[in-house]
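Take a look at the letters that make up each chain.
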Amino acid sequence: MPTLAGKRKPSFLFLQGLASPFMSILGNKLNDAGANVHRVNFCGGDWWFGRGSNNTIGQTNFRGKHAALADTYKQLIKEHAVTTVVLFGDCRPIHKIAATVAAAEGVDILVFEEGYTRPGWITCELGGTNDKSSLPRTKETITKRAAQINPSNVTNPLLPNPMPPRVKMDMQFHAANISSFWYFRHYQTHRPEKVSAELRGWISRFWRKRKFSTENEALIKLYETTKERFFLVPLQLTSDFQIREHSDYDGVPDFIGEVIASFAKNAKPQDRLLIKSHPLDNGMIDYRSLIGTSTAIHGIDDRVAYIEGGDLEVLLNATKGVILINSTVGFATLKKGKPMKVMGRALYDSAGLTHQGSLDSFWKKPTNPEDKIVQDFLKVVRHDTQIYGDFFTNVGMELAADAATARLMANPTQPKTSLAESK
């Protein structure tokens, strides 16, 4: 165990995590390693996944209104001599308030997120993630940082599929929220839609998927095997903070409309456009109908296709270029060395990595990424921000929590070197 001699004893204030016991597991490991840990529960789901916390870890059930959050955070930071606030998702309203308070109090913010290079990795950054990340953004700074990193020989074990436990945990989270509604009656979720509305959306999506299953499967097979080059548009969740906070779009439909209009006007007549749904799309927007209407207006319905599913790796191998807002598909696109146009604000949108011209110009002459800059950038991202593991499987959570604990206890306020290799 790393010694804390001569250092201020680390004290962590845990705020909201995913619908997962990961934060509880991490808190226990930090506590066992000698740190102070205190949790805040904002809803029944937080309480449910915090039940496994050590008895020595204190928990505060926040039942007030958002207007009282800032004072509550200040009090907890002082009462527990907090050195680092730990949370998932720095754009959640309850966390944005915490970031403001922490900055005023001289306390670090440690942010967890879904892995930039997932599957098999989670993101852990000091200060912020995505467009708030402190990762280098220019060729010069990327190259300089990459040169400081030693090659890795770490072999990572194969992780199981996290989707089945993720679905189960999500259901548990919602059930706990419903059963404790009156106790946490002032809780305001960061999700823009009610659970009941999302459920109706999932039912609609399931129905549409069955209705168009034959057509969908035929299109997937066609684009996974075609020798014709096409442009790929991977959709994101319209409710994602990547859209709401890190782009100028009101939602994904606006993005689709802009892309189709630009494609119709500027792409070569032989070019095709493939729009791929997000695997976790809740079905509240009928993208198939929306795309069909838009392509009909522009007279290109025979050149644009929409699919649900498909092998992303295969599609990326075949595509002529990728257009996205700021999806993590961007990292996979860089690995493939494919041209990419970013329409939002993404940490990988810089010269040498992505097309820096307009969307209209991308169809005509897409800029290829520079291999050396791509390799350096991916090396820096993996080394400085990624932890091997996941938030939902037992083995994945243990791996990630062990690595994060080792690094944080070795240097609690500077998790900027290899979290993946620290254990």
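That block above? That's the structure.
Residues numbered from 1 in each chain as written. Predicted model: local features only at pLDDT ≥ 70, side-chain atom pairs only at ≥ 80, totals over all residues. Heavy atoms only, no water.

**Regarding the overall build of the chain**
Defined as follows: Numbering goes from the N terminus for both helices and strands, where a helix is a DSSP run of H or I of at least four residues and a strand is a run of E of at least two. To get the radius of gyration, use the C-alpha atoms; to get the globule rule, take the number of residues to the power 0.38 and multiply by 2.2 Å. Between buried and exposed lies partly exposed: a residue is buried under 20% and exposed over 50% of the maximum accessible area for its type, with that area taken using a 1.4 Å probe on protein chains only. Throughout, a contact is declared for two residues whenever any of their heavy atoms are within 4.5 Å.
Within the chain, the secondary structure is distributed over 16 helices and twelve strands. For a compact globule of 423 residues, the expected C-alpha radius of gyration is about 22 Å, and the chain comes in at 22 Å, within 12% of that figure. With respect to the three principal axes, the spread of C-alpha positions in the chain is 65 × 55 × 40 Å. The 423 residues of the chain split such that 52% are buried. Sequence separation of at least 24 residues holds for 70% of the intrachain contacts in the chain that already meet a minimum separation of 6.

**Considering the sheet that holds strand E11 (residues 340-342)**
Strand-to-strand pairing in sheets goes through backbone hydrogen bonds, with the strands running parallel or antiparallel. Selection criterion: Pairing between strands requires that DSSP locate at least two bridges from one strand to the other. To get an axis, a line is fitted to the C-alpha atoms, and for a helix only the part in contact is used. The angle between two axes follows their N-to-C directions and goes from 0 to 180 degrees.
Pairing is parallel in the open sheet, where five strands are placed in the order E9-E8-E7-E10-E11. Every other strand in the sheet has two partners, leaving strand E9 (304-307) and E11 as the edge strands with one partner each. Mean inter-strand twist for the sheet, computed between neighbouring axes without regard to direction, equals 20°. Here strand E7 (residues 230-234) pairs with strand E8 (residues 272-276) via five bridges, running parallel.

**Observations regarding the side chain of Lys320**
Convention followed: Nitrogen and oxygen atoms within 3.5 Å of one another constitute a polar contact, given that in protein one can donate a hydrogen and the other can accept it, and given that sequence-neighbouring residues count only through two side-chain atoms.
On the secondary structure map, Lys320 appears in the loop between helix H12 (312-318) and strand E10 (321-324). Only 3.0 Å separates the side chain of Lys320 from the side chain of Asp271, close enough to count as a polar contact. Not counting the four nearest positions on each side in its chain, Lys320 is found in contact with Arg229, Phe230, Phe231, Lys268, Asp271 and Pro339.

**Structural notes on a negative patch on the surface**
Going by this rule: Here a patch means residues that are over 30% exposed by relative accessible area and free of salt bridges, tied together within 9 Å if like-charged and within 5 Å if nonpolar (Val, Leu, Ile, Met, Phe, Trp, Tyr). For every accessible area listed, the method is Shrake-Rupley and the probe measures 1.4 Å; residues are considered covered only by the protein chains on display. When a carboxyl oxygen of Asp or Glu is within 4 Å of a side-chain nitrogen of Lys or Arg, the pair counts as a salt bridge. The sign given to each residue is positive for Lys and Arg and negative for Asp and Glu; His and the chain ends receive no count. Charge placement uses NZ in Lys and CZ in Arg. For Asp and Glu, CG and CD serve respectively.
Together, Asp250, Asp254, Glu258 and Asp360 line one region of the surface with negative charge. Structurally, the position occupied by Asp250 is in the loop between helix H9 (241-244) and helix H10 (252-266). Of the residues examined, Asp250 reaches a relative accessible area of 75% and is grouped as exposed.

**Considering the sheet that holds strand E4 (residues 84-88)**
Reading across the sheet, the seven strands line up as E3-E2-E1-E4-E5-E6-E12 and stay open at both edges, with mixed pairing between neighbours. Only two strands of the sheet have a single partner each, and these edge strands are strand E3 (58-61) and strand E12 (386-388). Between one strand and the next, the sheet's axes are offset by a mean angle of 25°, whatever the strand orientation. As paired strands, strand E6 (residues 121-126) and E12 are joined by three bridges and run antiparallel to one another. Its bridge partner being in E12, Ile122 is matched across the sheet by Ile387.

**Brief notes about empty space enclosed by the protein**
Rules: Method remark: on a 1 Å grid restricted to protein atoms, a set of points is classed as a cavity if a 1.4 Å probe fits but cannot get out and as a pocket if it is open with protein on both sides within 12 Å along at least five of seven lines; lining residues have an atom within 4 Å of a point. Grid points are joined across faces, edges and corners, and a volume is the space filled by probe spheres set on the points. Only Asp, Glu, Lys and Arg are considered charged in this grouping, and only Ala, Val, Leu, Ile, Met, Phe, Trp, Tyr, Cys and Pro are considered nonpolar; every other residue, Gly among them, is considered polar.
In this structure the tally under the stated criterion is four cavities of 30 Å³ or more. For the largest cavity, the calculated volume is near 100 Å³. Considering the residues around the largest cavity, the lining is formed by 14 residues, among which Gly17, Leu18, Arg39, Asp46 and Phe49 are closest to the centre. A per-element tally of the lining of the largest cavity places helix H2 (residues 44-49) first, with three residues. Of the residues assigned to the lining of the largest cavity, the class counts are seven nonpolar, five polar and two charged. Computed from the structure, the second largest cavity encloses a volume of approximately 70 Å³. Elements represented by at least two residues in the lining of the second largest cavity include exactly helix H7 (195-211) and helix H11 (287-298). The residue inventory of the lining of the second largest cavity, partitioned by class, reads three nonpolar, one polar and six charged.

**Notes on a nonpolar patch on the surface**
A surface patch of nonpolar side chains, amounting to about 280 Å² of accessible area, comprises Met163, Val167 and Met171. Its place among the elements puts Met171 in helix H6 (residues 163-179). A residue is classified by how much of its surface remains accessible, and Met171, at 58% relative accessible area, is exposed.

**Describing helix H8 (residues 213-225)**
The test is simple: Helices are assigned an expected span. That span is 1.5 Å times one less than the residue count. Here the arc refers to the set of directions running from the helix axis out to each C-beta atom.
For H8, which comprises 13 residues, the first-to-last C-alpha distance of 18 Å matches the rise-based estimate of 18 Å (1.5 Å per residue) to within 8%. Along H8, the positions that sit buried rather than exposed are Asn216, Leu219, Ile220 and Tyr223. The arc enclosing the buried residues of H8, seen along the axis, measures out at 100°, which places them on a common side. Of the exposed residues in H8, those oriented more than 90 degrees away from the buried face are Thr214, Glu217, Lys221 and Thr225. Looking at the buried positions of H8, the neighbouring elements they touch are E7, E8, H11, E9 and H12.

**Considering the packing of aromatic side chains**
The test is simple: In this scheme Phe, Tyr and Trp rings, the latter by its six-membered ring, pair at centre separations within 6.5 Å, and the angle between planes marks the pair as stacked below 30 degrees, edge-to-face above 60, and tilted otherwise.
Taken as a whole, this structure holds 17 aromatic pairs when the rule is applied. Relative to Phe112, the ring of Phe22 lies with its centre 5.3 Å away and its plane at 75°, an arrangement referred to as edge-to-face. Of the two residues, Phe22 sits in helix H1 (residues 22-32) while Phe112 sits in strand E5 (residues 108-114), which places them 90 residues apart along the sequence. Phe112 carries the same exposure label as Phe22, and that label is buried. Aromatic side chains Phe263 and Trp363 sit 5.1 Å apart centroid to centroid with 75° between the ring planes, which places their arrangement in the edge-to-face category. Taken together, the positions of Phe263 in helix H10 and Trp363 in helix H14 (residues 359-364) put the pair 100 residues apart, joining distant regions of the chain. We note that Phe263, like Trp363, is buried. An aromatic cluster is built from Phe22, Phe88, Phe112, Phe391 and Phe392, whose rings are joined through pairwise contacts.

**Notes on unusual backbone geometry**
Pro119 follows Arg118 through a cis peptide bond whose omega is 10°. With respect to the helices and strands, Pro119 occurs in the loop between E5 and E6. The phi angle at Ala81 is positive, at roughly 45°, despite the residue not being glycine. Locating Ala81 in the fold gives a position in the loop between helix H3 (69-79) and E4.

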